[in-house]
Amino acid sequence: MNRLRSALWLPLFEELADPRAVARLAADAEEAGWDGCFVWDQLSWREPVRQVADPWITLAAIATATERIRLGPMMSVLPRRRPAKVARESASLDRLSDGRLTLGVGLGSDRFAGELSKTGEELDDRRRGRMLDESLQILTAAWSGEPVRHRGEHYTVDGITFLPRPVQRPGVPVWGAGFPGNAKPIRRAARLDGFFPANLEHPDQLAEVVASLTELRHGEMASYDIAVALPLGVDPAPYARAGATWWLPELDPGIRLDAVRGVLRDGPAM
């Protein structure tokens, strides 16, 4: 069975919309033996949530308050972000954290808060998928430190060199998110450094995903990460046996600081 690492996964709403408070939580998590602190990347959420923090500013605060734990947005909707800007942000944050950034990416959805429709973003899933793939190409090129020359369907980067490079080489690890039954996100994730399956209902689902990824990656899974988010109280051990390498306890949007501290006191998994 894999050694299962544990990370907080914080919705940056209400009491968690204060980057300083979240940075203190991350420092406490590090001291308590947790392995990571990841944050939601949302512009808005449904009522009664009203206060929302920016993930990149919050992650910078976490980076300066911690020394060991991994951190990152989980996950960032790249189709609503400019890839050149993300290239700069990610490299700077990786350097600020001394090489501890993991970038979670996905298509996103309009179903939870209407973020895409309310800001005029692309609503077609297939088109956002192409935008995501193109963004990933630009990020990989940018992190190389070589001049980026990209003219695609959605983005242009004409001869920009993105220096300084991230600390991590060849670049920041990227985890792709997606639903277990959808083949396209799994194929995309097989080309990346990890997979974050959404809405898992049973360890057998995860075992099927891991089998598919193992086949797509020709058995090269030693350094590959599988992150699972599970409701509080669900035993992560069966998921570790199915191939999970990270466990993220699910926290409700709008959760209070005291409740997160309670999760911290319960300690990391396994």
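For the structure, see preceding data.
Keep in mind the model is a prediction, meaning the values are calculated, not measured.

Student: Before we go on, may I ask you to explain the sheet that holds strand β3 (residues 70-73) in this structure?
Tutor: Backbone hydrogen bonds are what pair the strands of a sheet, in a parallel or an antiparallel way. Strands sit in the order β3-β2-β1-β11-β10-β9-β8-β5-β4 across an open sheet of nine strands; the sheet is parallel. Two strands lie at the open edges of the sheet, namely β3 and β4 (76-77), each paired on one side alone. Pairing geometry for β4 and strand β5 (residues 103-106), over two bridges, is parallel. Bridge pairing links V77 to G106 in β5.

Student: Sorry, what's going on with the packing of aromatic side chains here?
Tutor: How two aromatic rings sit relative to each other is set out by the distance from centre to centre and by the angle between their planes. Across all of its chains, the model carries ten aromatic pairs by this definition. Each ring, one from F13 and one from W40, has its centre 5.6 Å from the other, and the planes form 85°; the classification is edge-to-face. Of the two residues, F13 is situated in the loop between β1 (5-10) and α1 (19-31) and W40 in the loop between β2 (36-39) and α2 (55-65); the sequence distance between them amounts to 27 residues. Considered together, F13 and W40 belong to a single accessibility category, that of buried residues. An aromatic cluster is present here, built from W9, F13, W40, W45, F112 and F196 joined pairwise through their rings.

What counts as what
Residues numbered from 1 in each chain as written. Predicted model: local features only at pLDDT ≥ 70, side-chain atom pairs only at ≥ 80, totals over all residues. Heavy atoms only, no water. Pairing = 2+ DSSP bridges. Helix = DSSP H or I, 4+ residues; strand = E, 2+ residues; numbered from the N terminus. Phe/Tyr/Trp six-rings, centres within 6.5 Å; stacked < 30°, edge-to-face > 60°. Buried < 20%, exposed > 50% of the residue type's maximum accessible area, 1.4 Å probe, protein only.

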